[in-house]
Amino acid sequence: MGVDPHFLLAILAMAAASFACRVAGYFLMGYVPITPRVQGALKAIPLGVMIGIVMPSVLSGKVPELVGLVVVFAVMKLTG
């Protein structure tokens, strides 16, 4: 059983695109003055991304997703 070359090409293309986005963001942020407003926005990005990932599952209203959310919330509160 072999690996499809198109699959490997797709993985390579996705890795290159991800790397390019990270590198471009690093270099382009060198031209942006870091004001308190920009700093606040940069600090809010991780939370916004996590909410974007989690909310579709939570809004589906299925029991495993809701139980998982409750467990994560409890661990977060206990560990700080």
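Residues numbered from 1 in each chain as written. Predicted model: local features only at pLDDT ≥ 70, side-chain atom pairs only at ≥ 80, totals over all residues. Heavy atoms only, no water.

### Observations regarding the overall build of the protein chain
Phase 1: Each helix and strand counted, the protein chain has 3 helices and 0 strands in total.
Phase 2: In sequence order, the protein chain lays out its α and β elements as α-α-α.
Phase 3: With the C-alpha coordinates aligned to their principal axes, the bounding extent of the protein chain is approximately 55 × 40 × 25 Å.
Phase 4: Within the protein chain, buried positions represent 1% of all 80 residues. (Helix = DSSP H or I, 4+ residues; strand = E, 2+ residues; numbered from the N terminus. Buried < 20%, exposed > 50% of the residue type's maximum accessible area, 1.4 Å probe, protein only.)

### Section: the packing of aromatic side chains
Phase 1: What the rule picks out here adds up to 1 aromatic pair.
Phase 2: Relative to F27, the ring of Y26 lies with its centre 5.4 Å away and its plane at 75°, an arrangement referred to as edge-to-face.
Phase 3: Judged by its relative accessible area of 54%, F27 is exposed. (Phe/Tyr/Trp six-rings, centres within 6.5 Å; stacked < 30°, edge-to-face > 60°.)

### Comments concerning helix α2 (residues 36–59)
Phase 1: Between its first and last C-alpha, α2 extends 33 Å over 24 residues, near the 34 Å set by a 1.5 Å rise per residue.
Phase 2: The principal kink in α2, of about 35°, is found at I45, preceding the proline P46 by one to four residues.
Phase 3: G61 occupies a position one or two residues after α2 and carries a positive phi of about 75°. (Expected span 1.5 Å × (residues − 1). Bend = angle between axes of the 7 residues up to and from the residue.)

### Side note on a nonpolar patch on the surface
Phase 1: A cluster of nonpolar side chains, contributed by M29, V32, I34, L42, I45, V49, M50, I53, V54 and L69, occupies part of the molecular surface with about 820 Å² of accessible area.
Phase 2: Ranked by residues supplied to the nonpolar patch, first place goes to α2 with 6 residues.
Phase 3: By the element assignment, I53 lies in helix α2.
Phase 4: Residue class for I53 comes out exposed when judged on its relative accessible area of 54%. (Patch = residues over 30% accessible without salt bridge, like charges linked within 9 Å, V, L, I, M, F, W, Y side chains within 5 Å. Areas by Shrake-Rupley, 256 points an atom, 1.4 Å probe, with all protein chains shown as cover. Salt bridge = Lys/Arg side-chain N within 4 Å of Asp/Glu carboxyl O.)

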